[in-house]
Amino acid sequence: MTNGFLRIASVAPEHKVGDVEFNVSKIIESMHSLEEKRVEIAVYPELCITGYTCGDLFHNATLLKAAQCGLDKIASASRELNVHVIVGLPVAKEDGCVVNCAAFVHGGEVEFIEKTFIPTYNEFYERRWFAPASDRNVRTFESHGVEIGIEICEDLWVPVPPSSMLAMSGAKVIFNLSASDDLIGKYSYLRSLIQQQSARCICAYAYASAGFGESSTDVVFLPKTIIAENGTILSENDKNDFLDNPMVVVDVDIAALDRDRFHTTTFVDCARCNGVDGGSYLSVNDCEDASAHAPEYRSVNPTPFVPATDGLIDSRCTEITTIQESGLARRLKAVGSNKIVVGISGGLDSTLALLVAVNTLRRIGGDVKDIIGVTMPGFGTTDRTYDNAIKLMRLLGVTIREIPIAKAVNQHFSDIGHDPAIHDVTYENSQARERTQILMDIANQTGAIVLGTGDLSELALGWATYNGDHMSMYGVNSGVPKTLVKYVVRWYASVFGRLADSSSEELKATLLDIIDTPISPELTPADENGNIKQKTEELVGPYELHDFFLYYMLRYGFSPGRVWILARKAFDGVYDERTIKHWMKTFYRRFFNQQFKRSCLPDGPKVGSVCLSPRGDWRMPSDASSRLWLSAVEAL
């Protein structure tokens, strides 16, 4: 294991029923291939040494003896290899029965686990040949610094699989040797079982099932190699390519599993209720070698808040916006008014907030004219953002109000004795607070609530004016990071693009232009060409980097060193190491010293697994020191 990652494999090599010599040769051949890939543990199919469909031959002394000799050869081959393997074979016990076994082979040593549940229904006749395990079989093994557990095929399909007890006993990775025949719809059910068990047990789950080579007398076996981690399928073969000899290799994140287990306190509670302890946890010192190689057999999504596949865009965005709309609808019901005031800048965040507001009123049968969109051009407002703000409100049919703020802010500068030629924090924040004052007063005037537009990324960095745009009656974007805001607005554009009328096409074009506009608070004057001069990502850093840092710090509690390892892999070819380190330092510094803004955050819905609400997910003192984290970044 390196940096908390364990490299495992699921393998289904070519085999022949009853031909032990052939089967063993293929297993040993693949072991050498796994060694070249630096795989640490690999699982093979159930009864892979003999084949699963040997039938009454399982009670034949010749086959049983050959299987034991074959296992001895595999054990002998393992003496010179770092890889540990789990293979299946029939074993004749001294008490006169034959058992279906998994053999854990490591460095020439062999340890056995017997199959617990023996199916004898439908096409299965295993009880004819095999006896069930003689004990509860809750036994874990240590391999490459990680506790592992083993179960065999049917064990996964019962109401309380052995893997549940194995996980509660400390196993971080469960290996399943299987020989599952194929029927219509069975594969999707199996896949779901694996995902769900890996999630329920907060573990990695590696599954290997026998395929082409088994007897096709009455049923057909397609090769299946699947590895899941905490509810997510990390890798799987194409089972429809039945002539393939599949091998999937994955770096599973043991450190992430450990963190989720001690963070999910009910995991240990459940273990105690079942009479087992929770096992050992990974030492944090095992995850600190930032100079070591990144996980080679693991993809790292550079935008972890955003679905990795476009196939999920409709379902995921519908889910996100439904959460936002439901939260807003409940708040409107609570205050007894459908009137909403929202500041529209022509930027991403206010665009998403307005879209959510419009859809919410449509859902509850309200009138979108009760939404008062207020655009408040100031010293830095450009024609591009102003035009987009006006077009967006017009096309969505909300009430439009335009209130320039320059005159009021200049009066304020005069009142407090500030030189407007000095473009400092006073110059910028005075504009933000003037805009918030206007929105709040209009809300009082009309019996409305002010809808906040700030997003999760801005809250993490403190990129908001305290008691300015920081404040509202309800913040629908507070659980949505910037990378996800852009994703959802782009989805809205595609939704409108599917409609045929010209206004929808214009709305789509407007949304796409908003997405392409540089992110900016527009609090300092534009350049000589009227373009945005104050670009947020040039000042605080790229949001895709900050969202990445935020995700791994909050979701898994990873150290800067481990986040650094993942970031280098995720952004390879996009940002160099110096750039990543520079903005990582900015992230930790701002995250700590801006906590005071989050301590008095307005209400808003949690959308994903990461949230910064002081009433829900994140409780941190406003004066906590960032020294440990910044020192760790400096040491990279």
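Keep in mind that this is a model prediction, so the values were computed, not measured.

Peer 1: Explain the overall build of the chain to me, please; I cannot follow it from the model alone.
Peer 2: Looking only at helices and strands, the chain features 20 helices and 17 strands. A principal-axis box enclosing the C-alpha atoms of the chain has dimensions of 100 × 55 × 45 Å. Excluding contacts between residues fewer than 6 apart, the proportion of contacts in the chain whose partners are at least 24 apart in sequence is 74%. Accessible surface, the chain as shown: approximately 26,700 Å² in total, 50% of it carbon and sulfur. Taking the 61 positively charged and 81 negatively charged side chains of the chain as two groups, their mean positions are separated by 5 Å.

Peer 1: Can you walk me through helix 18 (residues 577-593) in this structure?
Peer 2: Residues spaced three or four apart along an α-helix face the same direction, because each turn holds 3.6 residues. Its 17 residues give helix 18 an end-to-end C-alpha distance of 25 Å, which sits within 8% of 24 Å, the value for a rise of 1.5 Å per residue. Turning to helix 18, its buried residues are Ile 580, Trp 583, Met 584, Thr 586, Phe 587, Tyr 588, Arg 590, Phe 591 and Phe 592. Along its buried surface, helix 18 packs onto helix 12 (456-461), helix 15 (536-539), helix 16 (543-554), helix 17 (560-570), helix 19 (595-598) and helix 20 (627-634).

Peer 1: Would you take a moment to explain the nonpolar core for this structure?
Peer 2: The nonpolar side chains of a soluble globular protein tend to be buried, and buried together. Core analysis: the largest hydrophobic core is formed by 87 residues, its most contacted members being Leu 354, Phe 548, Phe 549 and Phe 591. Beyond its immediate stretch of four places on either side in the chain, Phe 591 contacts Ala 460, Leu 550, Met 553, Leu 554, Arg 598, Leu 612, Trp 618 and Met 620. The next biggest cluster of nonpolar side chains, apart from the first, holds 49 residues, and it includes Ile 148, Cys 153, Ala 206 and Ile 226.

Peer 1: Explain the sheet that holds strand 1 (residues 5-11) to me, please; I cannot follow it from the model alone.
Peer 2: Strand pairs in the sheet, formed through backbone hydrogen bonds, run parallel or antiparallel to each other. If you walk across this open sheet you meet the six strands as 5-4-3-2-1-12, and the pairing is mixed. Sheet topology places strand 5 (109-114) and strand 12 (247-253) at the edges, where each strand pairs with a single neighbour. Across the sheet, the mean angle from the axis of one strand to that of its neighbour is 30°, orientation sign disregarded. Docked against the sheet, helix 2 (residues 61-78) engages strand 3 (84-92), strand 4 (98-106) and strand 5, running at close to 160° with respect to strand 3. Each of strand 1 and strand 12 is contacted by helix 5 (residues 254-263), which is oriented at about 50° to strand 12, the strand it contacts most.

Peer 1: I tried to follow the sheet that holds strand 13 (residues 340-343) on my own but got confused; where do I start?
Peer 2: The five strands are arranged 15-14-13-16-17 in an open sheet whose pairing can be described as parallel. Two strands lie at the open edges of the sheet, namely strand 15 (399-402) and strand 17 (474-475), each paired on one side alone. In terms of strand pairing, strand 13 meets strand 14 (residues 371-375) through four bridges, oriented parallel. Looking at strand 14, one finds that Gly 343 is bridged to Val 374. Here helix 7 (residues 313-335) sits on the sheet and contacts strand 13, strand 16 (449-452) and strand 17; the angle it forms with strand 16, its principal contact strand, is near 165°.

Peer 1: Just checking my understanding: could you explain the environment of Asn 429 for this structure?
Peer 2: Considering the arrangement of structural elements, one finds Asn 429 in helix 11 (residues 425-446). Placed 94 residues apart in sequence, Asn 429 and Leu 523 show a C-alpha to C-alpha distance of 8.1 Å.

Peer 1: Mind showing me how you'd approach unusual backbone geometry here?
Peer 2: Across residues other than glycine, the phi torsion is negative in most instances, and most of the peptide bonds are trans. The phi torsion at Asn 3 lies on the positive side, around 55°, for a residue other than glycine. The phi angle at Asn 467 is positive, at roughly 60°, despite the residue not being glycine. Locating Asn 467 in the fold gives a position in the loop between helix 12 and strand 17.

Peer 1: Help me out: how do you make sense of empty space enclosed by the protein in this one?
Peer 2: To locate leftover empty space, one rolls a probe as large as a water molecule over the atoms. In this structure the tally under the stated criterion is four cavities of 30 Å³ or more. The space that makes up the largest cavity amounts to roughly 140 Å³. The wall of the largest cavity is formed by 16 residues, among which Gly 454, Leu 459, Asp 469, His 470 and Leu 601 lie closest to the centre. Taken together, the residues that form the lining of the largest cavity break down as five nonpolar, seven polar and four charged. Of the pockets and cavities examined, the second largest cavity occupies roughly 70 Å³. In this structure, the second largest cavity is lined by Ala 12, Pro 13, His 15, Asn 23, Ile 27, Pro 45, Leu 47, Cys 48, Gly 51, Ala 210, Gly 211 and Glu 214. For the lining of the second largest cavity, the residue count by class is seven nonpolar, four polar and one charged.

Peer 1: I tried to follow the pattern of salt bridges on my own but got confused; where do I start?
Peer 2: A pair can form between side chains of opposite charge whenever their charged atoms are brought close. The final tally for this structure, using the stated rule, is 30 salt bridges. Here Glu 111 ties to Arg 139 by a salt bridge, and the two come within 2.6 Å at their closest N and O atoms. Here Arg 139 lies in the loop between strand 5 and strand 6 (141-143) and Glu 111 lies in strand 5, a separation of 28 residues in the sequence. You can call Glu 111 partly exposed: its relative accessible area is 24%. Where Lys 606 meets Asp 617, a salt bridge forms, and the shortest distance between an N and an O atom there is 2.6 Å. Linking Lys 606 in the loop between helix 19 and helix 20 with Asp 617 in the loop between helix 19 and helix 20, this pair joins segments that are eleven residues apart in sequence. In this structure Asp 617 comes out as partly exposed when scored by relative accessible area, which is 35%.

Peer 1: Is there a simple way to explain the side chain of Thr 375 in this structure?
Peer 2: Its place among the elements puts Thr 375 in strand 14. When neighbours within four sequence positions are excluded, Thr 375 is seen to be in contact with Ile 344, Tyr 386, Ala 389, Ile 390, Met 393, Arg 401, Glu 402 and Ile 403.

Peer 1: Where do I start with the environment of Ala 271 in this structure?
Peer 2: Residue position: Ala 271 is located in helix 6 (residues 265-273). For Ala 271, a relative accessible area of 0% gives the class buried. Put simply, Ala 271 and Ser 169 are 102 residues apart on the chain and 7.3 Å apart in space, counted from C-alpha to C-alpha. Every residue in contact with Ala 271, bar those within four places of it in the chain, is listed here: Met 168, Val 276 and Asp 277.

Peer 1: Help me understand the packing of helix 9 (residues 383-396) against helix 14 (residues 502-516) in this model?
Peer 2: Helix-helix packing is characterised by the crossing angle of the two axes and by the distance between the axes. Remark: helix 9 packs on helix 14, axes separated minimally by 10 Å, with the N-to-C direction vectors making an angle of 145°. Crossing geometry of helix 9 relative to helix 14 is assigned as left-handed. Every residue of helix 14 that contacts helix 9 at Arg 384, Asn 388, Lys 391, Leu 392, Arg 394, Leu 395 and Leu 396 is listed here: Ser 503, Glu 506, Leu 507, Thr 510, Leu 511, Asp 513, Ile 514 and Asp 516. Among the residues forming the contact of helix 9 with helix 14, the class breakdown is six nonpolar, three polar and six charged.

Peer 1: Hey, could you run me through the packing of helix 1 (residues 20-36) against helix 2 in this one?
Peer 2: Between helix 1 and helix 2, the shortest axis-to-axis distance is 10 Å and the interhelical angle comes to 20°. Overall, the two elements helix 1 and helix 2 adopt an arrangement that is roughly parallel. You can see that helix 1 and helix 2 cross each other, and the crossing is right-handed. In this structure, helix 1 contributes Val 20, Val 24, Ile 27, Ile 28 and Met 31 to the contact, and helix 2 contributes Leu 63, Ala 66, Ala 67, Gly 70, Lys 73, Ile 74, Ala 77 and Ser 78. Grouping the constituent residues of the contact of helix 1 with helix 2 by class yields ten nonpolar, two polar and one charged.

What counts, and at which threshold
- Residues numbered from 1 in each chain as written.
- Predicted model: local features only at pLDDT ≥ 70, side-chain atom pairs only at ≥ 80, totals over all residues.
- Heavy atoms only, no water.
- Helix = DSSP H or I, 4+ residues; strand = E, 2+ residues; numbered from the N terminus.
- Contact = heavy atoms within 4.5 Å.
- Areas by Shrake-Rupley, 256 points an atom, 1.4 Å probe, with all protein chains shown as cover.
- Lys, Arg positive; Asp, Glu negative; His and termini not counted.
- Charge placed at Lys NZ, Arg CZ, Asp CG, Glu CD.
- Expected span 1.5 Å × (residues − 1).
- Buried < 20%, exposed > 50% of the residue type's maximum accessible area, 1.4 Å probe, protein only.
- Core = buried A, V, L, I, M, F, W, Y, C linked by side-chain atoms within 4.5 Å.
- Pairing = 2+ DSSP bridges.
- Axes fitted to C-alpha atoms, helices over the stretch in contact; angles between N-to-C directions.
- 1 Å grid on protein atoms, 1.4 Å probe; cavity = no way out; pocket = protein on both sides within 12 Å on 5 of 7 lines; lining within 4 Å.
- Points joined across faces, edges and corners; volume = space filled by probe spheres on them.
- Nonpolar A, V, L, I, M, F, W, Y, C, P; charged D, E, K, R; others polar.
- Salt bridge = Lys/Arg side-chain N within 4 Å of Asp/Glu carboxyl O.
- Left-handed = near helix turned anticlockwise from the far one by under 90°.
- Parallel < 35°, antiparallel > 145°, perpendicular 65-115°, else oblique.

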